[in-house]
Amino acid sequence: MSGGRRPKIGLALGSGVARGFAHIGVLRAMLERGIVPDVVAGTSIGAVVGGAYVSGGLDPLEDWARGLGRTNFFRFLDFRLIGGGLFGGQKLQSLMMESFGTVNIEDLETPFIAIACELMTGHEVWMKDGNLVDALSASFALPGVFEPIERDGRWLVDGAIVNPVPVSVCRAMGAELVIAVNLVEDIYGRARAERGGATGTGKYGVFADILSAPSIGGRRASRTVMRKLLRHDKGAPSIFANMVASLNIVQSRLSRSRLAGDPPDIQIAPRAGHVGLMEFHRAEELIDIGRRAFEDEYDYLQEALQIIGYRINN
């Protein structure tokens with residue numbers, strides 16, 4: 001596009017747990033092509049990656065993600081026998097503080113909103129001020145897995161259950177062209193319930209590695225409870241796998257409905273369905289998948305920039 005003002009670009013980063021590392025690859029490819037988002041909105045892991053980008057913490061996040069093994073992500077989880085979730089988020093919050101700092105959202109150079117859900121009412125909550133790390137923690141507080149986060153007198157949980165791909169938020173922020181990264185479009189890309197993530201092989205399936213994480217298996221009682229949560233018999237999903245598979249279904253159905261009503265100008269859909277939601281050790285693969293997904297849509301993005309740029313300049 002030559003001459004005139006270019007469209008204001010919004011970037012909507014969707015939910016997807018471990019698959020969210022694909023967002024890093026998308027962002028890297030965008031920036032290398034000289035396409036810089038003017039506003040960013042993120043849900044769950046999309047909020048974490050978006051928050052890392054707008055706060056200057058994308059490099060440490062990527063380095064940390066690439067260094068994860070099969071079990072060491074779970075060392076950052078605080079296993080709890082009581083409370084509102086299986087895990088507390090204090091260790092992850094401390095890690096984000098080290099990487100992103102103690103900045104408030106309203107002080108960021110690039111406007112940013114993280115999406116959460118108010119537990120008691122089901123209302124969609126747009127967090128656009130206050131401490132960045134607190135907002136990110138609320139946005140990824142997956143019900144049953146992480147404890148709800150209290151913020152401004154409200155208990156907040158994962159925004160994926162109300163707005164998995166926050167295109168509408170970018171529009172409200174004034175974006176004239178919205179690029180959406182949808183991690184659940186390929187959600188059945190592997191024979192799902194592992195048969196693809198729910199059972200796997202052996203009685204603990206793909207979650208067997210969690211039991212070897214020191215922070216979880218340190219106490220006999222912790223190991224006993226986790227085995228009950230992760231074990232499946234005769235091919236039936238475990239409690240934990242049931243929760244994860246249910247999240248897959250909710251995200252898939254809701255994202256299709258929301259995107260049909262408010263479609264993005266460009267949708268990037270990384271083909272990451274073969275990666276399980278808790279397979280954080282596959283970051284390098286996911287980053288490459290995100291990069292390729294952006295390149296596949298780059299020509300369409302250039303066309304959209306030209307068309308929308310022409311409209312706003314004429």
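Residues numbered from 1 in each chain as written. Predicted model: local features only at pLDDT ≥ 70, side-chain atom pairs only at ≥ 80, totals over all residues. Heavy atoms only, no water.

So what's going on with the confidence of the model for the chain? Which residues, and what values?
Counting all residues, the mean pLDDT for the chain is 83, and 75% of those residues have values of 70 or more. Taken together, the stretch residues 190–202 has pLDDT below 50 and engages in 41 contacts with residues farther than four places along the chain or on a different chain. (pLDDT = per-residue confidence, 0-100. Contact = heavy atoms within 4.5 Å.)

Mind laying out the environment of G14, listing which residues take part and the relevant values?
Tracing the backbone shows G14 in the loop between β1 (9–13) and α1 (22–32). Leave out the neighbours within four places in its chain, and G14 touches H23, T43, I45, G46, P164, V165, P166, V181 and L183. (Helix = DSSP H or I, 4+ residues; strand = E, 2+ residues; numbered from the N terminus.)

Describe the packing of α1 against helix α2 (residues 45–54), with residues and values.
Between α1 and α2, whose axes approach to 10 Å, the crossing angle comes to 35°. As α1 packs across α2, the resulting crossing turns out to be right-handed. Listed contacts from α2 to H23, I24, L27 and L31 of α1 are I45, G46, V49 and Y53. Of the residues that constitute the contact of α1 with α2, the class distribution is six nonpolar, two polar and no charged. (Axes fitted to C-alpha atoms, helices over the stretch in contact; angles between N-to-C directions. Left-handed = near helix turned anticlockwise from the far one by under 90°. Nonpolar A, V, L, I, M, F, W, Y, C, P; charged D, E, K, R; others polar.)

Could you give an account of the side chain of R19, naming the residues involved and the relevant values?
As for its position among the elements, R19 is in the loop between β1 and α1. Put simply, R19 is tucked away with no salt bridge, and the nearest opposite charge, on E279, sits 7.2 Å away. Polar contacts involving the side chain of R19 include one to the main-chain carbonyl oxygen of V275, which spans 2.6 Å. (Buried < 20%, exposed > 50% of the residue type's maximum accessible area, 1.4 Å probe, protein only. Lys, Arg positive; Asp, Glu negative; His and termini not counted. Salt bridge = Lys/Arg side-chain N within 4 Å of Asp/Glu carboxyl O. Polar contact = N/O pair within 3.5 Å; in protein donor to acceptor, adjacent residues only side chain to side chain.)

With reference to specific residues and values, describe the pattern of salt bridges.
Considering all chains together, one arrives at 13 salt bridges under this definition. Across the salt bridge formed by R258 and E124, the nearest N and O atoms sit 3.1 Å from each other. A residue pair is termed long-range when its members are at least 10 positions apart, and R258 in helix α9 (residues 239–261) and E124 in strand β6 (residues 124–127) qualify at 134 residues. Residue E124 is classed as partly exposed on the basis of its relative accessible area of 26%. A salt bridge links R171 to D265; the shortest N-O distance between them is 3.1 Å. Residue R171 is located in helix α6 (residues 167–172), and its partner D265 is located in the loop between α9 and β11 (266–268); the two are separated by 94 residues in the primary sequence. When salt bridges that share partners are traced, they join R28, D59, E62 and R66 into one network.

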